[in-house]
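Residue strings, one per chain:
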Number of protein chains: 2
Amino acid sequence: MTEPDQVCPIILCGGSGTRLWPLSRKSYPKQFAQILGDRSLFQQAALRFGQGGFAAPTIVTGSDFRFIVTEQLAEVGIRPGTILIEPEPRNTAPAILAAVLALVSRNPDAPDPIVLIAPSDHSIPDSAAFGDAVARGRAAAAQGKIVTFGITPDRPETGYGYLELAARPGADGAPVDLLRFVEKPEADRARAMLASGNFLWNAGIFLARASDLVAAFRQDAPDVLAPVERSLAAARADLGFLRLDPAAFAQAPSISVDYAVMEKAPNLAVVPFSAGWSDLGDWDAVWREQPTDADGVALSGPAAAIDCHDTLLRAESEGQVLIGIGLDNMIAVAMPDAVLVAPKDRAQDVKKAVDLLKARGQRQAETLPRDYRPWGWYETLVLGPRFQVKRIVVNPGAALSLQSHHHRSEHWIVVEGTARVTVDDKVQLLGENQSVYIPLGAVHRMENPGKVPMVLIEVQTGSYLGEDDIVRYDDIYARGQGAKG
Amino acid sequence: MTEPDQVCPIILCGGSGTRLWPLSRKSYPKQFAQILGDRSLFQQAALRFGQGGFAAPTIVTGSDFRFIVTEQLAEVGIRPGTILIEPEPRNTAPAILAAVLALVSRNPDAPDPIVLIAPSDHSIPDSAAFGDAVARGRAAAAQGKIVTFGITPDRPETGYGYLELAARPGADGAPVDLLRFVEKPEADRARAMLASGNFLWNAGIFLARASDLVAAFRQDAPDVLAPVERSLAAARADLGFLRLDPAAFAQAPSISVDYAVMEKAPNLAVVPFSAGWSDLGDWDAVWREQPTDADGVALSGPAAAIDCHDTLLRAESEGQVLIGIGLDNMIAVAMPDAVLVAPKDRAQDVKKAVDLLKARGQRQAETLPRDYRPWGWYETLVLGPRFQVKRIVVNPGAALSLQSHHHRSEHWIVVEGTARVTVDDKVQLLGENQSVYIPLGAVHRMENPGKVPMVLIEVQTGSYLGEDDIVRYDDIYARGQGAKG
């Protein structure tokens, strides 16, 4: 339940970009990756609202990411409010509106809540300062303003939109009325705006009463409001998620919240924020946010630099060293299945690498080796001509479907935790170091009845080892024949 | 047996350098790596002598590389003559002399053989042209000359030694007398030598009668001759290898054949060779030898270049893509456990990367994930807190030692070929898709009784998984307690 004076955060985490490839991929986008520190950006966003003054967050994400969301929240000990599944990406306006409406409909008798719309794919290192900024905006929001947050610029950035304020912000950081939104500028214009002091970067964060947001949509974007209302009315609960109705949601235009309502709304105010923010829009931006040594070298993982300057070297796996020698203004990101090397000033072109790999049909373009499923995750350790070895991790209480295969046998060896294994008519518990054989054609299931993750090594042998050789008899996640996992 | 008119090749493959890290490592040096094409440089050297006119090669290598040598020769279907093990690296003079003496002692009644001393860590793409050059040198060698091969230079290289000829080589490529050896020059001197036409690169390849080489050592390097003779007299046959006596060999000075005898010998002639040669001394040299596109980009493996120029991009594993964007005169080499990025003109500094990793105690400095043993090889697929998964490949007819462990149990699953498995008193044959469990403490052995390699997945569980937890009861390779494998 929401306390009357709590702000209700809405965390957006359905987006996916390509400019932080290979760390961020379509199957596991930027907000879920460990870009800064050992928490994902999504976890950092959720933890930002874990402090007092905030209700449990409402989360909007895509169907493919729903189990990443639940796993990452569990890791940091945060219990979400509603987790809303958008059937397809339609930019920010439909997603935000759906979350606001879902929040209101969940507590129809509660007072009009103040909501905070928060993207999860950027960095705000100082959570306390951010909490202060939210507090500074509260009164204005309570009086009917839509409060946006403007980042004090420290360079004439041409990659961000700006907010033009009616006056220079005061030292108290109190809200200032917004004059207008400014599109990404040319370099000259960016320098002039930086010098003026009346222009702040648009961080895409909003604080407002739910009723005022809905009213703005009713006024300026009724074509968004109607289908989103229908998609929520026809939404379907699914294992703790709330799935918006796909047919209705598809009728909403794909439009950003700025274009749909914010740029037309007369009641906007800006809270200035100067404690550090980055959209981490490309590897150059990541280099700016990571700690660097005296030579401007930022390292992460088992990476090392010899005579390098102003360079980012990221080794994303403990088992893979990355060495740069004599590099200047370069980026190198190493993962076990993909490596990127580029000058910093070509950081925007990383999407070309993804396009190239997609055109070649290489799976590294969009997917990580680790595959997340309702029950946990797996990764292929080695794929041979007639065999495959997988590591499978099953969450406590989770179960794979009851299934059989036409073309392969499987050996399962439990190496951590406890498994409950069904093979045809026999059910048995396997502890660490116990194994079982699943003959070709046998009906089988793997479950984790325990309280800790169960780790199992699976050795498959057979003439065809594709994920689609699966006959499903029963699935607690209600997936069909040939579906994966 | 050697035909009377055959040249006897001596292939040197005991060396190890650091400048082609990460592909070349101390445990698996350059000559055994696939640097150009899908054969190693050593295999290419052996195949060069696989044509008519050459006897089976005598091979000199280090103890750590002996099974790499036999496996790589088997792969290309070459049966070696003697494989001589040098107990420790003592530069080229003792190794060459030992091989010459071993060759003579093997056929004491045969006529004085003509030997060809051939390093295996360089590239000679045109084997036929090289065969012609050897043929051009034969008569001179038969008349008592020590024939060396001089590479026609195509650039003022400062990284090689030169040979000064008594006259400009003729169009017929006939041997020319050598005036003197010239050390690696300064740039000015290198340009002058290139312009003169009387200077060729010293490739370190020699053709001579065995008796003339031994005589040269007797004359100019008796301190090498005496201990090498003793080390050969006390040599010990071991599984098809001939191990030089370590105590005697250690008394030979560590000296190159050039310093020990060649620079003092009065009877040297040079056969010019212009059909292409490279010592592949660093990644810059490799870039020069690999095929490049119109932009000077050389790619190997699943690597791709976007807007790159004069750049080498090598992805050494099929499972790892490497993408370069906007690179100029750069080198990037990606392996699953190590990645190197450097400008081409820093190629000589790659050894600094190896030094740095050694100082940090990181195994990537010197060893590859794949570990070669008398019986085949293994690699770790995943190492967890209390488990490890390995892929083990056992050569036909080979056997691991009879052993037990104090701290781990093992599950073995055969995925290719057939295994004969001993567990305590029980011996059984396992085919593809069969498995066996080795309890902690059980005495066990794995053998491949078949005609094709046997591939097995081993899942270990236990509190300590180090290679030194091994009690050995019997070993066809005569290794002791705690020795690996």
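Keep in mind that this is a model prediction, so the values were computed, not measured. (Residues numbered from 1 in each chain as written. Chains lettered and ligands numbered in written order. Predicted model: local features only at pLDDT ≥ 70, side-chain atom pairs only at ≥ 80, totals over all residues. Heavy atoms only, no water.)

Our focus in this paragraph is the overall build of chain A. Within chain A, the secondary structure is distributed over 11 helices and 28 strands. Its C-alpha atoms give chain A a radius of gyration of 25 Å, within 12% of the compact-globule value 23 Å for 485 residues. Taken over the C-alpha atoms alone, chain A extends approximately 75 × 65 × 40 Å along its principal axes. Counting over 485 residues, chain A shows a buried share of 58%. Contacts in chain A between residues at least 24 apart in sequence constitute 68% of all its contacts with a sequence separation of at least 6. (Helix = DSSP H or I, 4+ residues; strand = E, 2+ residues; numbered from the N terminus. Rg over C-alpha atoms; globule rule 2.2 N^0.38 Å. Buried < 20%, exposed > 50% of the residue type's maximum accessible area, 1.4 Å probe, protein only. Contact = heavy atoms within 4.5 Å.)

For the rest of this paragraph, the subject is the sheet that holds strand β20 (residues 387-394) of chain B. All names here are of chain B. Taken in spatial order, the six strands line up as β18-β19-β20-β27-β22-β25 in an open sheet, and their pairing is antiparallel. Only two strands of the sheet have a single partner each, and these edge strands are β18 (370-373) and β25 (435-438). When strand polarity is set aside, the average angle formed by the axes of neighbouring strands in this sheet is 20 degrees. Here eight bridges tie β20 to strand β27 (residues 454-462), and the two strands are oriented antiparallel to one another. Each bridged residue has a counterpart across the sheet, and for V389 the counterpart in β27 is V459. (Pairing = 2+ DSSP bridges. Axes fitted to C-alpha atoms, helices over the stretch in contact; angles between N-to-C directions.)

Taken in spatial order, the six strands of this open sheet run β12(A)-β14(A)-β16(A)-β17(A)-β15(B)-β13(B), and their pairing is mixed. Strands with a single pairing partner mark the edges of an open sheet, and in this sheet they are β12 (298-300) of chain A together with β13 (303-306) of chain B. The sheet shows a mean angle of 5 degrees between the axes of neighbouring strands, taken without regard to direction. Of the pairings in the sheet, the one linking strand β16 (residues 330-335) of chain A to strand β17 (residues 338-343) of chain A comprises six bridges and is antiparallel in character. The partner of A:V333 across the bridge, within β17(A), is A:L340. Relative to strand β15 (residues 321-325) of chain B, helix α11 (residues 350-359) of chain A is tilted by about 140 degrees, and along the sheet it contacts β17 of chain A together with β13 and β15 of chain B.

So, about the environment of B:L239. Residues and elements named next belong to chain B. In this fold, L239 is placed in the loop between β9 (236-238) and β10 (241-243). Separated by 238 residues in the primary sequence, L239 and Y477 have C-alpha atoms spaced 7.7 Å apart. Leaving out residues up to four positions away in the same chain, L239 has contacts with F67, I476 and Y477.

All names here are of chain A. The domain architecture assigned to chain A consists of domain 1 (7-273), domain 2 (292-362) and domain 3 (371-474). Taken together, the contact pairs eight residues of domain 1 with 15 residues of domain 2. Around 1,000 Å² of area is buried between domain 1 and domain 2 when both sides are counted, 64% of it from carbon and sulfur atoms. The three residues of domain 1 that bury the most area against domain 2 are R19, W21 and P22, which together make up 58% of that side's buried surface. Linking domain 1 to domain 2 there are one salt bridge. Ionic pairing is found between D337 and R25, a salt bridge with its closest N-O pair at 2.8 Å. Taken together, the connections running from domain 1 to domain 2 amount to four residue pairs in polar contact (both at pLDDT 80 or more). For the side of domain 1 that touches domain 2, the per-class residue count stands at four nonpolar, two polar and two charged. (Domains from an automatic or database assignment. Buried area = accessible area lost by both parts, 1.4 Å probe. Salt bridge = Lys/Arg side-chain N within 4 Å of Asp/Glu carboxyl O. Polar contact = N/O pair within 3.5 Å; in protein donor to acceptor, adjacent residues only side chain to side chain. Nonpolar A, V, L, I, M, F, W, Y, C, P; charged D, E, K, R; others polar.)

A word on the packing of helix α3 (residues 92-106) of chain A against helix α7 (residues 222-233) of chain A. All names here are of chain A. Where α3 contacts α7, the two axes come as close as 9 Å, and the packing angle between them is 50 degrees. Viewed along their axes, α3 and α7 adopt a mutual orientation that is oblique. Where α3 crosses over α7, the handedness of that crossing is right-handed. When α3 is examined against α7, the residues A93, P94, L97, A98, L101, A102 and S105 are found in contact with a partner set consisting of V224, L225, V228, E229 and L232. (Parallel < 35°, antiparallel > 145°, perpendicular 65-115°, else oblique. Left-handed = near helix turned anticlockwise from the far one by under 90°.)

Time to look at the pairing of strand β3 (residues 83-86) of chain A. The side chains of a regular strand alternate, first on one face of the sheet and then on the other. Residues and elements named next belong to chain A. Judged by which residues are buried, β3 turns out to be covered on both faces: I83 and I85 on one side and L84 and E86 on the other are all buried. Taken together, the four bridges between strand β2 (residues 58-62) and β3 define a ladder with parallel strand orientation. Its bridge partner lying in β3, V60 is registered against L84. Between the parallel pair β2 and β3, the chain is carried across by helix α2 (residues 66-75), and the sense of this crossover is right-handed. Taken together, the three bridges between β3 and strand β10 (residues 241-243) define a ladder with parallel strand orientation. (Right-handed = clockwise from strand over helix to strand, strands pointing away.)

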